Amino acid sequence: MKIFARTHQLPPRLAAAAIILSSGLDKTSVDDQAAAGLHGMAAGTYPFLGRMDPVTFARLLSRAEIVLGTVLLVPFVPSLLAGAALTGFAGGLLGMYLKTPGMRREGSLRPSQEGIGISKDVWLLGIGLGLVLEELGHR
């Protein structure tokens, strides 16, 4: 496994890191109502999260986003590892898009007005898969 990210991998890693790190930092100070909203949306898609306290969920999500953003930002984290983590995270976001009622137009994968924000996260999946596939291809 290559230890340092290749130079051409840095721009997509930095772009994804900036968005994810910002999101995680914004969630460090969410109030109870915002935490309940985040938790409710996630638990609606992933029922096992329903047993978790909303504030605890928001705190853990914040930390996970900060860690993932940092992993992507630091060039000595192998791109295979960074890409796999990003792919998993983006897959979870897109799972919410696909499973949450009202996110998509009826009978279509195209987003509704409410789903545009989450549907745009498909680019995170593309970056993650691109990093993983490139590293696996060099083996």
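Please read these numbers as outputs of a predicted model, since none were measured by experiment. (Residues numbered from 1 in each chain as written. Predicted model: local features only at pLDDT ≥ 70, side-chain atom pairs only at ≥ 80, totals over all residues. Heavy atoms only, no water.)

### A closer look at the pattern of salt bridges
And then number 1: Overall, the coordinates contain 2 salt bridges when judged by the stated rule.
And then number 2: The partner of Arg6 in a salt bridge is Glu135, and the shortest N-O contact between them spans 2.3 Å. Of this pair, Arg6 sits in the segment before helix H1 (10–26) while Glu135 sits in helix H6 (residues 122–137), placing them 129 residues apart in sequence. The two residues Arg6 and Glu135 agree in class, both being buried.
And then number 3: Between Lys27 and Glu65 there is a salt bridge, and its shortest N-O distance comes to 3.1 Å. With Lys27 in the loop between H1 and helix H2 (32–45) and Glu65 in helix H3 (residues 54–73), this residue pair connects regions lying 38 residues apart in the sequence. (Salt bridge = Lys/Arg side-chain N within 4 Å of Asp/Glu carboxyl O. Helix = DSSP H or I, 4+ residues; strand = E, 2+ residues; numbered from the N terminus. Buried < 20%, exposed > 50% of the residue type's maximum accessible area, 1.4 Å probe, protein only.)

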